[in-house]
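Coordinate inspection notes
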Amino acid sequence: MGKISQKEIEEYLGFKGEDFDFLVETAGKVRDKEVGNKVYLRGIVEITNKCIKNCYYCGIRKGNIGISRYFLEEKDAIDCVRFAVSQNLTSIVLQGGELKDKDFVFYVEKLVKRIKEINPSIAITLSFGEQDFETYKRWYDAGAERYLLRIETSDKKLYEKWHPESHSFEQRMKCLEMIKKVGYQTGTGVLIGAPMQTISHLASDIVFFKEFDIDMLGMGPYVIHPQTPFGKIYGDWFEKNRKNIFDLAIKMIAAARIVLKDVNIASTTALDSLNPEGRVYGLKAGANVIMPDITPMAYKRNYLLYKDKAGLYSSSAESLFSVLEIVKKSGLVASLGEVGTSPHFLKKRKNRF
Ligand code: SAH
Ligand code: SF4
């Protein structure tokens, strides 16, 4: 398949019935050919639900005063990593709300170093939002090799409808560029099916991923959270559109696989909020990464970006088990003990030297 146009992607995203099934099947074949039939696991540790931002859609936004805030002590975070290592889970994602104070920057730097001391071959992905160049560099030098910053939407006008004025689309874009420049494997993604978003926006997002030359993709459906500005306005709309939003998320994964070919693509947890087999479908539609939540149970129930999050009452061992079941159901092979570097990133590196 040659260069695919925006128009063709829009067509994919409008597919229904047999065309939809064909799109998913094709994407699965592209995945098998380009990156194989292995699914890489990333144990995700949700370090904190404290956040200085106020994204209109997110349940842990600063303005939500109805939740109790937590911050994992280094010792607790390290226990999560030890659990992961004991299960041969050698790829870790550290995620949290956006904090930028000196103590936080230092905490993450120290934590990354400690993890590398425990086992230098653990691959660390960070996802702590927008930071300055120096911070990204410090965390990279400490040993983190991947960073995930969703652009949320590549359309500036839409971004501005989803965020208060103090949040800047240009700054988010600059951050993504910094992440790439520092040398991280660069991951991004968008919300799918969120209010005011059209198929044309989503097709442009895939073109953006291609042009930006990203290495990893983590995108999922928009899921409502009642204690947010969007939750208060879009409740009925969301319930009426659940199925459409889910289908759109699956089509986005499939279209992204067909266009981007050899990047790592996650079958994200939010898919399970809209369909009990959500992540199985995500894998069938071309994803090759899945992220068991290994945050301690006492904390994970406060990390609610959206409602009906899967696995809230599961222990880390149960989360891992259910992810392995999902992979089995999808007919693919779970890969433990491998860090699963983005094949796209590896190829770029090879071509450079
Ligand atoms: N604070 C960091 C990382 C944590 S938020 C950041 O924003 O980059 C991780 C992701 O959760 C966000 O990028 C956003 O796309 C997603 N998210 C937030 N609210 C959501 C919702 N209601 N439904 C689905 N995904 C949501
Ligand atoms: Fe904070 Fe990220 Fe949620 Fe925005 S999406 S409010 S930055 S945690």
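Everything below is about the structure printed above this text.
Keep in mind that this is a model prediction, so the values were computed, not measured. (Residues numbered from 1 in each chain as written. Chains lettered and ligands numbered in written order. Predicted model: local features only at pLDDT ≥ 70, side-chain atom pairs only at ≥ 80, totals over all residues. Heavy atoms only, no water.)

Concerning the overall build of the protein chain
- Within the protein chain, the secondary structure is distributed over 15 helices and 12 strands.
- What you see for the protein chain is a C-alpha radius of gyration of 19 Å, in line with the 20 Å of a compact globule of 353 residues.
- C-alpha extents for the protein chain along the principal axes are approximately 50 × 45 × 40 Å.
- Within the protein chain, the proportion of its 353 residues that are buried is 59%.
- Taking as baseline every contact in the protein chain between residues at least 6 positions apart, the subset at least 24 positions apart corresponds to 76%.
- Here the protein chain has roughly 15000 Å² of accessible surface; of this, 54% comes from carbon and sulfur atoms. (Helix = DSSP H or I, 4+ residues; strand = E, 2+ residues; numbered from the N terminus. Rg over C-alpha atoms; globule rule 2.2 N^0.38 Å. Buried < 20%, exposed > 50% of the residue type's maximum accessible area, 1.4 Å probe, protein only. Contact = heavy atoms within 4.5 Å. Areas by Shrake-Rupley, 256 points an atom, 1.4 Å probe, with all protein chains shown as cover.)

Comments concerning the site of ligand 1
- Residues in close proximity to ligand 1 total 19 residues, the closest being Tyr57, Arg150, Glu152, Arg172 and Val223.
- One of the side-chain nitrogen or oxygen atoms of Arg150 is found 2.8 Å away from an oxygen atom of ligand 1.
- The contact in question runs from an oxygen atom of ligand 1 to an N or O atom on the side chain of Arg172, over 3.0 Å.
- Within the complex, 92% of the 540 Å² of free accessible area of ligand 1 lies under protein.
- Its residues assigned to classes, the shell around ligand 1 shows 10 nonpolar, five polar and four charged. (Near = heavy atom within 4 Å. Polar contact = N/O pair within 3.5 Å; in protein donor to acceptor, adjacent residues only side chain to side chain. Nonpolar A, V, L, I, M, F, W, Y, C, P; charged D, E, K, R; others polar.)

Things to note about the pairing of strand E4 (residues 123-127)
- Taking burial as the measure, the five residues of E4 include five buried ones, the bulk of the element.
- Bridge analysis of strand E3 (residues 91-96) against E4 gives five bridges, and the strand direction is parallel. Each bridged residue has a counterpart across the sheet, and for Ser91 the counterpart in E4 is Ala123.
- Between the parallel pair E3 and E4, the chain is carried across by helix H4 (residues 102-118), and the sense of this crossover is right-handed.
- Direction of pairing for E4 relative to strand E5 (residues 146-148): parallel, over a ladder of two bridges. Counted as the bridge partner of Leu126 is Tyr147 from E5. (Pairing = 2+ DSSP bridges. Right-handed = clockwise from strand over helix to strand, strands pointing away.)

Details of helix H10 (residues 235-260)
- Residue Asn241 marks the point of greatest curvature in H10, where the axis turns by about 65 degrees.
- Among the residues trailing H10, Lys261 stands out with phi positive, at a value near 65 degrees. (Bend = angle between axes of the 7 residues up to and from the residue.)

Here we look at the environment of Ser91
- Turning to its location among the elements, Ser91 is positioned in strand E3.
- Take Ser91: its relative accessible area is 0%, and that puts it in the buried class.
- The spatial distance from the C-alpha of Ser91 to the C-alpha of Ile47 is 16 Å, given a sequence separation of 44 residues.
- The residues contacting Ser91, other than those within four sequence positions of it, are Leu41, Arg42, Gly43, Ala123, Arg146 and Val339.
- In terms of polar contacts, Ser91 uses its side chain to reach the side chain of Arg146, at 3.5 Å.

Structural notes on the site of ligand 2
- What surrounds ligand 2 is the set Cys51, Lys53, Cys55, Cys58, Ile60, Arg61 and Gly97.
- Taken together, the residues of the shell around ligand 2 break down into four nonpolar, one polar and two charged.

Let's talk about the sheet that holds strand E6 (residues 185-188)
- The sheet built from seven strands is open, its strands ordered E2-E3-E4-E5-E6-E8-E10 with parallel pairing. Two strands close off the open sheet at either side, each with one partner strand: strand E2 (43-48) and strand E10 (264-265).
- Direction of pairing for E5 relative to E6: parallel, over a ladder of three bridges. Within E6, the position partnered with Arg146 by the bridge is Gln185.

Considerations on the packing of helix H1 (residues 6-14) against helix H8 (residues 199-212)
- The geometry of H1 relative to H8 is characterised by a closest axis approach of 9 Å and an angle of 125 degrees between their N-to-C directions. Classified by the angle between their axes, H1 and H8 sit oblique to one another. Crossing angle aside, the handedness with which H1 passes H8 is right-handed. Where H1 approaches H8, its residues Gln6, Ile9, Glu10, Leu13 and Gly14 are matched on the opposing element by Ile199, Ser200, Leu202, Ala203, Ser204, Ile206 and Val207.
- By residue class, the composition of the contact of H1 with H8 is seven nonpolar, four polar and one charged. (Axes fitted to C-alpha atoms, helices over the stretch in contact; angles between N-to-C directions. Parallel < 35°, antiparallel > 145°, perpendicular 65-115°, else oblique. Left-handed = near helix turned anticlockwise from the far one by under 90°.)

Let's talk about the sheet that holds strand E1 (residues 38-41)
- Reading across from one edge, E11-E1-E12 is the order of the three strands in this open sheet, with parallel pairing throughout. Strands with a single pairing partner mark the edges of an open sheet, and in this sheet they are strand E11 (289-290) and strand E12 (333-335).
- Bridge count for E1 against E11 is two bridges, and the pairing is parallel. Bridge pairing in E11 links Tyr40 to Val289.
- Taken strand by strand, helix H14 (residues 316-330) contacts E1, E11 and E12, and its axis lies near 165 degrees from that of E1.

Some words on the pairing of E2
- Judged by how many residues are buried, E2 sits mostly within the fold: six of six residues are covered.
- Judged from the five bridges that link them, E2 and E3 form a sheet pairing that is parallel. By the bridge assignment for E3, Ile44 is matched with Val93.
- For the segment spanning E2, helix H3 (residues 74-86) and E3, crossover handedness is right-handed.

From the geometry alone we can't say anything about function, so treat these as descriptive.
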